[in-house]
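Listed below, chain by chain, are the residues.
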Amino acid sequence: MRKLAVPAVAASAPDVLCSDMQLVLRALAREPDAFRAIIKTHNQKLYRIARGVVRNDSEAEDIVQEAYVSAFANLGAFRGESSLATWLSRIVINEALGRLRKRRRTVAMPENPEAQIIRFPLNPSDDPERTMAQRQILGLVERATDSLPDVYRTVFVGRVIEGLSIEETADLLGVRPETVKTRLHRARALVRKALDDEIGPVLLDAFPFAGRRCERLTEAVMRRLGLEG
């Protein structure tokens, strides 16, 4: 990998941005632990964003891996003007939307594509009826989200499932805050047809990316960077 320029750290940056810059500087110095820390910290958020766009588990995982490789190849371009999470999320969004455009050019999309539903790891000691109810609720959340048109789904995933602010979502998608509000209102109206108000708190558990899947993607990226071991 070519040698990258090391960006300067702004003295007045907020703590989170300073922390991001310190991690970036360590990664630019080729410290494996820094790469691992970046990947494991952001895996779940980036995976859920990617899946929210393409509605496919394996493709979302591939998108995140490609996004990491691209990001690490251009890490010297990170200036700390936004958080590392936002910077990485933009790369994932661009990669995911690019895949979606390419898919539409080459394959005729069915009117009602069947999404792959992730099975959530639940505590086996839970009451069986409660466990079944949780699975049904989470499945409903995913199906309702997958059914949204692309323009609304990306806003819904960012704002509701990821918990980003209106401004963060607008920045991520490159649109005005007013546009986010309008699209979010419509997305919620569509989702409300399939969801009951009681299941709001479980939205943050949708599309998890942890455990072995997180480790597998981390190791795959580290291998591609030549930093395995």
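Please read these numbers as outputs of a predicted model, since none were measured by experiment.

1. Comments concerning the overall build of the chain
Point 1. Within the chain, the regular secondary structure consists of 9 helices and 0 strands.
Point 2. Across the chain, helices and strands are ordered from the amino to the carboxyl terminus as α-α-α-α-α-α-α-α-α.
Point 3. Sequence-distant contacts, at least 24 apart, represent 73% of the contacts inside the chain between residues at least 6 apart.
Point 4. Of the roughly 12,400 Å² of accessible surface on the chain, 50% is carried by carbon and sulfur atoms.

2. Some details on helix H7 (residues 166-173)
Point 1. Taken together, the buried positions of H7 are Ile 166, Thr 169, Ala 170 and Leu 172. Along the axis of H7, the buried positions cluster into a sector of 160°, meaning they face one direction only.
Point 2. In the segment just after H7, Gly 174 is the residue with positive phi, at about 70°.

3. Structural notes on the pattern of salt bridges
Point 1. Evaluation of the coordinates by the stated rule reveals 11 salt bridges.
Point 2. Two residues, Asp 146 and Arg 51, come together in a salt bridge whose shortest N-O distance is 3.1 Å. In this pair, Asp 146 is assigned in helix H5 (residues 128-146) and Arg 51 in helix H2 (residues 32-54), connecting sequence segments 95 residues apart.
Point 3. Across the pair Arg 99 and Asp 62 runs a salt bridge whose closest N-O atoms are separated by 2.7 Å. Within this pair, whereas Arg 99 is found in helix H4 (residues 84-106), its partner Asp 62 is found in helix H3 (residues 57-73), the two being separated by 37 residues in sequence.
Point 4. One network of salt bridges, with partners in common, ties together Arg 51, Asp 57 and Asp 146.

4. Considering the confidence of the model for the chain
Point 1. A residue-level look at the chain finds 69% of positions with pLDDT of 70 or above and a mean pLDDT of 76.
Point 2. Summarising per-element confidence for the chain, the mean pLDDT is lowest in H5 (66) and highest in H3 (93).
Point 3. Confidence over residues 1-13 falls short of pLDDT 50; this stretch has 25 contacts with residues more than four positions distant or in other chains.
Point 4. Every residue in residues 107-125 scores below 50 in pLDDT, and together they form 36 contacts with partners more than four places removed in sequence or on other chains.

5. Some words on the environment of Leu 88
Point 1. Relative to the helices and strands, Leu 88 is located in helix H4.
Point 2. In contact with Leu 88, other than residues within four places in its own chain, are Ile 38, His 42, Leu 46, Tyr 68 and Ala 71.

6. As for the nonpolar core
Point 1. Counting 39 residues, the largest nonpolar core has Tyr 68, Phe 72, Trp 87 and Leu 88 as the members making the most contacts within it.
Point 2. With 10 residues, the single largest contributor to this core is H2.
Point 3. Apart from the residues within four sequence positions on either side, Tyr 68 is in contact with Ile 38, Ile 39, His 42, Asn 43, Leu 46, Leu 88, Leu 217 and Val 221.
Point 4. Judged by nonpolar contacts, the second largest core, of 13 residues, contains Ala 144, Phe 156, Ile 166 and Ala 170.

7. Focus on the environment of Arg 143
Point 1. Considering the arrangement of structural elements, one finds Arg 143 in helix H5.
Point 2. Take Arg 143: its relative accessible area is 48%, and that puts it in the partly exposed class.
Point 3. Sequence-wise, Arg 143 and Arg 55 are 88 residues apart; in three dimensions their C-alpha atoms are separated by 9.6 Å.

8. A closer look at the packing of H7 against helix H8 (residues 177-192)
Point 1. At a closest axis distance of 8 Å, the pairing of H7 and H8 adopts a crossing angle of 105°. The orientation of H7 relative to H8 falls into the category roughly perpendicular. Residues Ile 166, Thr 169 and Ala 170 of H7 touch H8, and the partners they reach there are Pro 177, Val 180, Lys 181 and Leu 184.
Point 2. Per-class residue counts for the contact of H7 with H8 are 5 nonpolar, 1 polar and 1 charged.

9. A few points about the packing of H2 against H3
Packed helices, taken two at a time, are described by the angle their axes make and the gap between the axes.
Point 1. Here H2 crosses H3 at 135°, and the two axes come no closer than 8 Å. With respect to H3, the element H2 is oriented oblique. Along this stretch, H2 crosses H3, giving a crossing that reads as right-handed. Between H2, through Phe 35, Ile 38, Ile 39, His 42, Asn 43, Leu 46, Tyr 47, Ala 50, Arg 51 and Val 54, and H3, the contact on the second element is made entirely by Asp 57, Glu 59, Ala 60, Glu 61, Ile 63, Val 64, Tyr 68 and Phe 72.
Point 2. A breakdown of the residues in the contact of H2 with H3 according to their chemical character gives 12 nonpolar, 2 polar and 4 charged.

Rules and cut-offs
Starting afresh in each chain, residues are numbered from 1 along the sequence in its written order. In keeping with the predicted nature of the model, local features appear solely for residues at pLDDT of at least 70, side-chain atom pairs appear and are counted solely at 80 or more, and the whole-chain, interface and lining totals rest on all residues. The basis for every side-chain value is the complete set of non-hydrogen atoms in the structure, without hydrogens or water. Numbering goes from the N terminus for both helices and strands, where a helix is a DSSP run of H or I of at least four residues and a strand is a run of E of at least two. Contacts are assigned to residue pairs that have any heavy atoms within 4.5 Å of one another. Surface accessibility follows the Shrake-Rupley procedure with a 1.4 Å probe radius. Residue values consider only the protein chains on display as shielding. Exposure is judged per residue with a 1.4 Å probe applied to protein chains only, and the accessible area is read against the type maximum: over 50% gives exposed, under 20% gives buried, and values in between give partly exposed. The arc refers to the directions leading from the helix axis to the C-beta atoms. Here, a salt bridge means any side-chain nitrogen of Lys or Arg that lies within 4 Å of a carboxyl oxygen of Asp or Glu. Values of pLDDT, the confidence the predictor places in each residue, fall between 0 and 100. What is meant by a nonpolar core is a set of buried Ala, Val, Leu, Ile, Met, Phe, Trp, Tyr and Cys residues, joined one to another through side-chain atoms within 4.5 Å. Angles here are taken between N-to-C directions and fall from 0 to 180 degrees, while the axes themselves are lines fitted to C-alpha atoms, restricted in helices to the stretch in contact. Should an angle lie under 35 degrees it is considered roughly parallel, over 145 roughly antiparallel, and from 65 to 115 roughly perpendicular; all remaining angles are considered oblique. Here the nonpolar group is Ala, Val, Leu, Ile, Met, Phe, Trp, Tyr, Cys and Pro; Asp, Glu, Lys and Arg are the charged ones; every other residue, Gly included, is treated as polar. In this scheme, a crossing is called left-handed if the near helix is turned counterclockwise away from the far one by less than a right angle; it is called right-handed if the turn is clockwise.

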